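Architecture and fold: a report
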Amino acid sequence: MDKFFTQKNCDRCGKDLSSGRIMSMFNKDCICMDCKEKEREDPEYKKAADAEHEAVKRGNLNFPGIRK
Ligand SMILES: [Zn+2]
């Protein structure tokens, strides 16, 4: 998690993160907003979001995501 706030480039496309960063819904990648937009269009996005939601409800605040 420390890396999340200090890294300079998107884990997925390498873009500069100065315009915004967010945690991937599928894994622990730190990604740019463009990549987040692409994730939202992924057919499995809802499944990933639901899985994360379920994990948090069970008290797992460190859910690693459904993809490696
Ligand atoms: Zn990106």
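Residues numbered from 1 in each chain as written. Predicted model: local features only at pLDDT ≥ 70, side-chain atom pairs only at ≥ 80, totals over all residues.

1. Examining the overall build of the protein
This is how the line gets drawn: Helical segments are the DSSP runs of H or I of at least four residues, strand segments are the runs of E of at least two, and each set is numbered from the N terminus. The quantity called the radius of gyration is restricted to C-alpha atoms. Its globule counterpart is 2.2 Å times the number of residues to the power 0.38. Contacts here follow a simple rule: the backbone-placed C-beta atoms of the two residues must lie within 7 Å.
A tally of helices and strands in the protein yields three helices and two strands. Its helices and strands in sequence order give the protein the pattern α-β-β-α-α, from N to C terminus. For 68 residues, the compact-globule estimate of 2.2 N^0.38 gives 11 Å, and the C-alpha radius of gyration of the protein, at 12 Å, lies within 12% of that figure. Taking the principal axes of its C-alpha atoms as reference, the protein extends roughly 35 × 25 × 20 Å. Within the protein, contacts between residues separated by at least 24 positions form 24% of all contacts whose residues are at least 6 apart in sequence.

2. Examining the confidence of the model for the protein
Here is the rule we go by: Values of pLDDT, the confidence the predictor places in each residue, fall between 0 and 100.
Averaged over the protein, the pLDDT score is 93; the fraction of residues at 70 or greater is 97%. Of all the helices and strands in the protein, helix α1 (residues 2-6) carries the lowest mean pLDDT, 86, while helix α2 (residues 33-40) carries the highest, 97.

3. Some points on helix α3 (residues 45-57)
Cut-off, in case you're wondering: What a helix should span is 1.5 Å times the count of its residues minus one.
In this model, α3 (13 residues) spans 18 Å end to end at C-alpha, consistent with the 18 Å of a helix rising 1.5 Å per residue. At the C-terminal side of α3, Gly59 shows a positive phi close to 95 degrees.

4. Description of the environment of Pro64
Under the convention used in this document: Comment: burial labels come from other C-beta atoms within 10 Å of the residue's own C-beta, placed from the backbone, where a count of 20 or more is buried, 12 or fewer is exposed, and between is partly exposed.
You can see Pro64 is positioned in the segment after α3. Among the residues examined, Pro64 registers 12 C-beta atoms within 10 Å and is labelled exposed. Each C-alpha atom, one on Pro64 and one on Met33, is 20 Å from the other, the two residues being 31 residues apart in sequence. Once residues within four sequence positions are removed from consideration, Pro64 is found in contact with Asn27 and Lys28.

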